[in-house]
Amino acid sequence: GQRNLDLILDVRVPLTVHLGSAEMEIRDVLELGHGSIIALDKLAGEPVDIFVRGKLLARGEVIVVDDNFGVRITTICNPEDRITSLR
């Protein structure tokens, strides 16, 4: 019950925000340099995916806070989807 949950509440887990991805030819990767721009497969303003230990937890929007990037959570995946993703 709650006692078992209390035992793991301070365990640190990796959280990853997936902004987008791209596929490039090796020759194009080798030509990348300072100031290069890589077009991602997501549009500006489109929600980003938030993963905990590689499992989708939520979606959110990128924000800037005191010159740092952050993510505002807009949607939490429902419990059934989270349990299914653990399999």
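Rules used throughout
Residues numbered from 1 in each chain as written. Predicted model: local features only at pLDDT ≥ 70, side-chain atom pairs only at ≥ 80, totals over all residues. Heavy atoms only, no water. Helix = DSSP H or I, 4+ residues; strand = E, 2+ residues; numbered from the N terminus. Polar contact = N/O pair within 3.5 Å; in protein donor to acceptor, adjacent residues only side chain to side chain. Contact = heavy atoms within 4.5 Å. Pairing = 2+ DSSP bridges. Axes fitted to C-alpha atoms, helices over the stretch in contact; angles between N-to-C directions.

Participant: Teacher, can you tell me more about the side chain of lysine 42 here?
Facilitator: With respect to the helices and strands, lysine 42 occurs in the loop between helix H2 (26-30) and strand S2 (48-52). Polar side-chain contacts of lysine 42 include one of 2.9 Å to the backbone oxygen of proline 47. With residues up to four places along the chain from it excluded, the contact list for lysine 42 reads His18, Leu19, Gly20, Pro47, Val48 and Asp49.

Participant: Help me understand the sheet that holds S2, please; the structure alone is not making it clear to me.
Facilitator: In any sheet, the strands associate via hydrogen bonds between backbone groups, in a parallel or an antiparallel arrangement. Reading across the sheet, the four strands line up as S1-S2-S3-S4 and stay open at both edges, with antiparallel pairing between neighbours. Two strands lie at the open edges of the sheet, namely strand S1 (15-18) and strand S4 (68-76), each paired on one side alone. Averaged over all neighbouring strand pairs, the angle between strand axes comes to 40 degrees, with direction disregarded. The pairing of strand S3 (residues 55-65) with S4 spans eight bridges and is antiparallel. Bridge pairing links valine 65 to asparagine 68 in S4.

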